[in-house]
Amino acid sequence: MSDARSAWSEQRTCERRERDANAVESSFVIDLKLLRTDPDRIRRSQAMRGESVELVDELLAADEARRSTLSTFESLRAEQKSIGKDVAKAQGDEKQQLLERTKALAAEVKAAQAAANEAEARFTELMKTVPNLVFEDVPQGGEDDFTVIETHGTPRDFAAAGFAPKDHLEIGEALGAIDMDRGSKVSGSRFYFLTGIGAQLEFALVNLAMAKALEWGFAPILPPALVKPSAMEGTGFLGQAAQDVYYLPADDLYLVGTSEVALAAYHSDEILDAATLPRHYVGYSPCFRREAGSYGQDTHGIFRVHWFDKVEMFVYCAPEEAVAEHQKLLAFEKAFLEALELPYQVLDVASGDLGLSAARKYDCYAWYPAQGKYREVTSTSNCTEFQARRLNIRMRDGDGVRSVATLNGTLCAIPRVIIALLENHQQADGSVHIPAALQPYLGTAVIS
RNA sequence: GGAGGCAUCGCCUAGUCGGCCUAUGGCGCCCGCCUGCUAAGCGGGAGGGGAUGUUGAAUCCCCACGUGGGUUCGAAUCCCACUGCCUCCGCCA
């Protein structure tokens, strides 16, 4: 039995469902105990992200309000219950007296409960806005303050080869691989058709990526591309990133921007047996992005588009394993780029440029000759327990029941990989060399 | 889309014309005990939150019978809405 198949059968027998509603309500974004015992840790994280530090004080106040209203409700409720029992036994006048007392109490209980619910809701709303805690050793700063931690390969010297590199669109159109004009005719800007060898290239890349992932022990999944709001919110895409997401109001569904969403929500409301962790999944799905904040950026070709397909890795593991798993995901991404013979760098992304759910993020930037620079081609995030708390995904082990950690990483984002292949491996005559690892899947060593 | 049925602890299940439910029993699981070993047997445990407290003690309380409301002094039990699943019909790749 293959690794992938045994992973499947194992998981089918070990799944647990957690249906407790309170657990869902009280699954918070950051660790509740941390808020009380070490609020400064959260303040530092907020500062590193360039987010509100005052939020922590609001949270503490809201938590206090929540607890005191809850206490009030609980003691009233306890009294109500205990009198209720006496009522059942009492007779005559005694019964009438008790009834009178408890009638008034009923209204109080109701009011106290409403107050407690409201305080709870306010607190939960606030908690949802807190991004994940950043690891304290990630580079500080904004978009441009990343640290380049590795550089692999060397950009080709096209001058020495005697010709100027063409950009991917020019190559792709000449090869009949990319049709941008019809993309915009049919669907608008930032849409495209992959045609002929371009379409074949996608299938070849997907098959190569899947073959590698299976070899590495990942279980393959084809996830839905439309998800409920809870899945979107749980993975952290409805906060500041909400404007970048397609929404279908008629059905109250979102189009995912990455299969990470469905892969993370896959085990929502479940308790996983610790013996089945870590779990490695690899998903393939279309990805939809409104690119609302990027008007005018990367408008040329298929670098930044509203729809693309992507092979994505996803990991569930014990929190203490997360850092090591993150390194593994990065290693897999590197192995894939190396198989494609692409020069690239690895970036440790700065605190201010992390998404809502990431504690640390490594991006691989591949070399794009026509742009003359390294640009993002993969991204892997360690979300620690952030998504698991929101999605109520826990594990049972010797220490009881606790949240798992989740991680995600790009294995192959089709358009950006196609661009990198076309541009880096182009020849003077307009043909494109295909890396040895990909040749078996495409059936040719050169496209022309 | 139309009609009907169902929803209790990991799984199965008792309870459903309101208070004795502090939710029954079985299986599986975990920890003890017992025992040449195993099995059996016996005892205990297994959700969330809060308070006092401790640092890996304990005690008390609240919540949890799909979800949310309602009726009532009191709801697993009655009423309403919603969700999910199952069956049948229709439509469809």
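Keep in mind that this is a model prediction, so the values were computed, not measured.

To continue, consider the sheet that holds strand β12 (residues 344-348). Spatial strand order, β2-β12-β13-β14-β17-β11-β10-β5: eight strands in an open sheet with mixed pairing. Each edge of the open sheet carries a strand with a single partner, namely β2 (147-152) and β5 (219-221). Adjacent strand axes in the sheet meet at a mean angle of 25° when their direction is disregarded. Summarising the sheet, β5 and strand β10 (residues 279-288) pair through three bridges and their orientation is parallel. If you follow Ala219 over to β10, its bridge partner there is Tyr281. Most of the contacts of helix α10 (residues 197-215) go to β10, to which it runs at about 165°, and overall it touches β5, β10, β11 (307-317) and β17 (405-413). Each of β11, β13 (360-368), β14 (373-382) and β17 touches helix α15 (residues 414-424); the most contacted strand, β17, lies at about 40° to it.

A few words now on the environment of Leu105. Inspection of the secondary structure puts Leu105 in helix α6 (residues 92-128). Taking relative accessible area as the criterion, Leu105 reaches 5% and is therefore assigned buried. Expressed as a C-alpha distance, the spacing of Leu105 and Thr72, which sit 33 residues apart in the sequence, is 13 Å. The residues contacting Leu105, other than those within four sequence positions of it, are Leu76, Glu79, Gln80 and Ile83.

With respect to the helices, strands and loops of the structure, Arg49 is situated in helix α4 (residues 39-49). We note that Arg49 is buried and unpaired, the nearest opposite charge coming from Glu51 at a distance of 5.9 Å. Apart from the residues lying within four places of it in its own chain, the contact partners of Arg49 are Pro131, Asn132, Val134, Ser351, Gly352, Leu354, Gly355, Leu356 and Ala358.

A separate point is α6. Between its first and last C-alpha, α6 extends 53 Å over 37 residues, near the 54 Å set by a 1.5 Å rise per residue. Those residues of α6 not exposed but buried are Leu98, Thr102, Leu105, Val109, Ala112, Ala116, Ala119, Glu120, Phe123, Thr124, Leu126 and Met127.

Right, let's talk about the nonpolar core for a bit. Counting residues in hydrophobic clusters, the biggest one holds 60 residues, and the most contacted among them are Leu205, Leu340 and Leu438. Sorting elements by how many residues they give to this core places α10 first, with nine residues. With near-sequence residues (within four places) excluded, Leu438 lies in contact with Leu201, Ala204, Leu205, Leu208, Leu340 and Leu421. Within the second largest apolar cluster, 27 residues are counted, among which are Val227, Met232, Val261 and Leu272.

The subject of this paragraph is unusual backbone geometry. A cis amide bond links Leu277 to the next residue, Pro278, at an omega of -5°. Here Pro278 lies in the loop between β9 (270-273) and β10. Positive phi, close to 65°, is recorded for Arg190, a residue that is not glycine. Here Arg190 lies in the loop between α9 (180-186) and β4 (193-194). Residue Arg190 is classed as buried on the basis of its relative accessible area, which comes to 13%. The phi dihedral of Thr384 falls on the positive side, at around 40°, and the residue is not glycine. Mapped onto the elements of the fold, Thr384 is located in the loop between β14 and α14 (386-391).

We now examine the domain arrangement of chain A. Bring the parts together and some accessible area is lost; that lost area is often taken as the interface size. Assigned domains of chain A: these are domain 1 (3-128) and domain 2 (147-447). For domain 1 versus domain 2, the distance between C-alpha centres works out to 39 Å.

On to the pairing of β13, then. Counting buried residues in β13 gives nine out of nine residues, a clear majority hidden from the surface. Residues Arg360, Tyr362, Cys364, Ala366 and Tyr368 line one face of β13 and the alternating positions Lys361, Asp363, Tyr365 and Trp367 line the opposite face, and both faces are buried. Sheet topology note: the β12/β13 ladder contains five bridges and is antiparallel. Opposite Leu347, over in β13, you have Asp363 as the bridge partner. Examined bridge by bridge, β13 and β14 share nine bridges and lie antiparallel to one another. What sits directly across from Cys364, in β14, is Thr378. Between β13 and β14, which pair antiparallel one after the other, the connecting turn spans four residues, and Gly372 there sits at a positive phi close to 70°.

Criteria and cut-off values
- Residue positions are given per chain, counted from 1 along the sequence in the order it is written.
- Each chain takes a letter, starting from A, and each ligand takes a number, starting from 1, following the order in which they are written.
- Under the rules for a predicted model, residues below a pLDDT of 70 receive no local features and side-chain atom pairs below 80 are neither given nor counted, while totals for whole chains, interfaces and linings still include all residues.
- To get the side-chain values, all heavy atoms of the structure are used, and hydrogens and water are removed first.
- In this analysis, strands are considered paired if DSSP registers two or more bridges between them.
- Strands here are runs of E lasting at least two residues and helices are runs of H or I lasting at least four, both read from the DSSP assignment and numbered beginning at the N terminus.
- Every axis in this analysis is a line fitted to C-alpha atoms, fitted for helices over the stretch in contact. Angles between the N-to-C directions lie between 0 and 180 degrees.
- We call two residues in contact when some of their heavy atoms are within 4.5 Å.
- The classification of residues rests on relative accessible area computed with a 1.4 Å probe and restricted to protein chains. Under 20% of the type maximum is buried, over 50% is exposed, and intermediate values are partly exposed.
- Only four residue types enter the tally: Lys and Arg on the positive side, Asp and Glu on the negative side, with His and both chain ends excluded.
- By definition here, a salt bridge exists when the distance from a side-chain nitrogen of Lys or Arg to a carboxyl oxygen of Asp or Glu is within 4 Å.
- In this scheme, a helix's expected span is set at 1.5 Å multiplied by one less than its residue total.
- Residues enter a nonpolar core if they are buried and are Ala, Val, Leu, Ile, Met, Phe, Trp, Tyr or Cys, with the set joined through side-chain atoms within 4.5 Å.
- Note that the domain bounds reflect an automated or database-derived domain assignment.

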